[in-house]
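Here are the chains, one letter per residue:
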Amino acid sequence: MNITEEPIDIHQWTPASRAEPSVRIGVILESDQVDRIHVVLQDGACRVTGNHTDDVTLPSCTDLTVERTDEGLILHTAEDTLGPTDRLRIDPQEKIDAARGAGILVRDIVAGRGFHWQKNADQTLQGSLEFVNAPGGIVMVNDILLEDYLVGVITAEMGSACPVEFLKAQCVVARSWLLAMTEPKHEDEPFDRCNDDCCQRYQGTGDMSKSAIDAVRGTRGLVLIDPKNKVLDANYAKSCGGISELAEHVWGRPKPGISAVIDAPKGDPVHDFMPVTESNLDAFLNGDWLSHTRAYCSTHVVPVDSISKYLGRVDEVDDYFRWDVKYSRDELEGLLRDKLPEAEMISELRDVRVTSRGVSGRASRLELRWIDENGNEQTHTLDSEYRIREVLHRGFLYSSAFALTIRRGGDGKIETIHLRGAGWGHGAGLCQIGALGMGLTGHDVDAICMHYYPDAVLQAVYP
Ligand SMILES: [Zn+2]
Ligand SMILES: [Zn+2]
């Protein structure tokens, strides 16, 4: 197939377009500080265009490098040199279909920026590549059709052993989130979304699985439409812990189509805990009901040791449903000094108290009281679940759905602080482990989507 018509840019796209848009993904970012990129056109001839060069067509199997110099970007092949220019674009002459290893090969791309598993690897990418000369390094953008991009996302985020109906639900959610385009991200950069957890993880076609290709093809164009008749900004989180959270307790304002969902079949004991409050919190976190719940994200439905088989291979695996963190007063004071500028002069932590919770038990406000080095009492409030998770852990606390048990010595001073918690992530929208549990227990894509977004409808927005 020759590429004749330009696809619609995702920013211009509306459901009335009735056509598949393209999306621009930042694969090499300015912050990666890359000055030289090695590319192999391993999958067909490509047209190369630059804004200060003549166009050329390079045959399949051409090896080339894009180099950043003081004059601009220069493209070298064994025979030719192009540039300098400040923008270069490589367009395959024929559309490359989704298949393992298909597309243009780019050497040594960083994955998992800033995480402990950060690594460099070769990637193969469908669609076109664009190279932009930025002050800190070359920015490489993958301009790709949305459905092809989604296969790469599903492959990178989920293991190929996942039940296909669960993968389909992930496709619908990822597609909806992208098409809704409500989150302002990377606004001053030459791409729409990056290839990491900051947006959605995407690693091209290298590990592309048949199940990911089937899941995307089986849901082509299918999205969630919210009660206001717009594409639903479909948030999701790793594990809700039994009940999903309302948007107002996570982002401070309601969002159409995001509601609190009891993540279990009818009749399950978790229904008794809606909403989670200070008075039922202990039982929610540690009650006897946990031995027989069939909550979709519970370890009875998705055993802890099977999670690594289903979730992306770079995720940390632990018990997401119920967890424990313990601090000595010293440790927590050290954490506060490091994470909270106001607490730099802390001399003795006196109290920690959750003062507001959402329906899933997630703390949305937490009060800290301490004595500073001058002997004055200070009070500080963390006023979002995000801040609470950020401050109360060296890395990031699993979730803010926790109970605090403070043990004090005979002198009334805090000795230890024990956090017993539920779930992983903000907990609003689809619960990934719960959706996996639904897939494992025979639910299809419609049932999974309608369970987590009961106010939405499923609709195919392009053929
Ligand atoms: Zn991003
Ligand atoms: Zn859940």
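Residues numbered from 1 in each chain as written. Chains lettered and ligands numbered in written order. Predicted model: local features only at pLDDT ≥ 70, side-chain atom pairs only at ≥ 80, totals over all residues.

**A closer look at the overall build of the protein**
Then comes step 1: Looking only at helices and strands, one finds 10 helices and 24 strands in the protein.
Then comes step 2: By the compact-globule yardstick of 23 Å for 463 residues, the protein fits well, its C-alpha radius of gyration being 25 Å.
Then comes step 3: For the protein, the spread of C-alpha atoms along the principal axes amounts to about 80 × 55 × 40 Å.
Then comes step 4: Going through the 463 residues of the protein one by one, you find that 45% of them count as buried. (Helix = DSSP H or I, 4+ residues; strand = E, 2+ residues; numbered from the N terminus. Rg over C-alpha atoms; globule rule 2.2 N^0.38 Å. Buried ≥ 20, exposed ≤ 12 C-beta atoms within 10 Å, placed from the backbone.)

**As for the sheet that holds strand β18 (residues 346-357)**
Then comes step 1: Pairing is antiparallel across the open sheet formed by three strands, whose spatial order is β18-β19-β20. Both edges of this open sheet fall to β18 and β20 (377-382), since each of them pairs with a single strand only. Neighbour-to-neighbour, the strand axes of this sheet turn through a mean angle of 20 degrees, independent of strand direction.
Then comes step 2: With nine bridges connecting them, β18 and strand β19 (residues 363-372) associate as antiparallel partners. (Pairing = 2+ DSSP bridges. Axes fitted to C-alpha atoms, helices over the stretch in contact; angles between N-to-C directions.)

**Description of helix α3 (residues 210-217)**
Then comes step 1: Buried residues of α3: S211, A212, I213, A215 and V216, and no others.
Then comes step 2: Against the buried residues of α3 lie α1 (146-157) and α2 (164-180). (Contact = placed C-beta atoms within 7 Å.)

**A look at the domain arrangement of the protein**
Then comes step 1: The assigned domain composition of the protein is domain 1 (8-217) and domain 2 (236-428).
Then comes step 2: Of note, the centres of domain 1 and domain 2, computed from C-alpha atoms alone, are 37 Å apart. (Domains from an automatic or database assignment.)

**Quick word on the sheet that holds strand β17 (residues 322-328)**
Then comes step 1: Spatially, β17-β22-β21 is the arrangement adopted by the three strands of the open sheet, whose pairing is antiparallel. Only two strands of the sheet have a single partner each, and these edge strands are β17 and β21 (402-408). Within the sheet, the average angular offset between the axes of one strand and its neighbour, ignoring direction, is 15 degrees.
Then comes step 2: Summarising the sheet, β21 and strand β22 (residues 414-422) pair through seven bridges and their orientation is antiparallel. Residue pairing across strands places R408 opposite I414, the latter belonging to β22.

**A short note on the packing of α2 against α3**
Then comes step 1: One way to put it is that α2 packs onto α3 with a least axis distance of 8 Å and a crossing angle of 55 degrees. In terms of their interaxial angle, α2 and α3 are classed as oblique. As for how α2 packs across α3, the hand of that crossing is right-handed. Contact residues: V164, L167, K168 and C171 in α2; S211, A212, D214, A215 and V216 in α3.
Then comes step 2: Here the residues of the contact of α2 with α3 sort into six nonpolar, one polar and two charged. (Parallel < 35°, antiparallel > 145°, perpendicular 65-115°, else oblique. Left-handed = near helix turned anticlockwise from the far one by under 90°. Nonpolar A, V, L, I, M, F, W, Y, C, P; charged D, E, K, R; others polar.)

**A few points about the packing of α1 against α3**
The angle between the axes and the distance between the axes are what describe a pair of packed helices.
Then comes step 1: Contact geometry of α1 with α3 gives a least axis separation of 9 Å together with a crossing angle of 135 degrees. The angle between α1 and α3 places the two elements in the oblique class. As α1 runs across α3, the sense of the crossing is right-handed. Listed contacts from α3 to E147, L150, V151, I154 and T155 of α1 are A212, I213, A215 and V216.
Then comes step 2: Along the lines of polarity and charge, the residues of the contact of α1 with α3 split into seven nonpolar, one polar and one charged.

**Some points on helix α10 (residues 445-452)**
Then comes step 1: Within the sequence span of α10, burial applies to V445, I448, C449, H451 and Y452. On an axial view of α10, the arc spanned by its buried residues comes to 160 degrees, and they lie on one face.
Then comes step 2: Considering only its buried residues, α10 is in contact with α2, β15 (222-225), β23 (430-431), α9 (432-440) and β24 (457-460). (Arc of directions from axis to C-beta.)

**Notes on the environment of I74**
Then comes step 1: On the secondary structure map, I74 appears in strand β7 (residues 72-76).
Then comes step 2: For I74, a count of 18 C-beta atoms within 10 Å corresponds to the partly exposed category.
Then comes step 3: For the pair I74 and T53, spaced 21 residues apart in sequence, the C-alpha separation works out to 9.9 Å.
Then comes step 4: Those residues in contact with I74 that lie beyond four places of it in its chain are E67, T69, T81, L82, G83 and P84.

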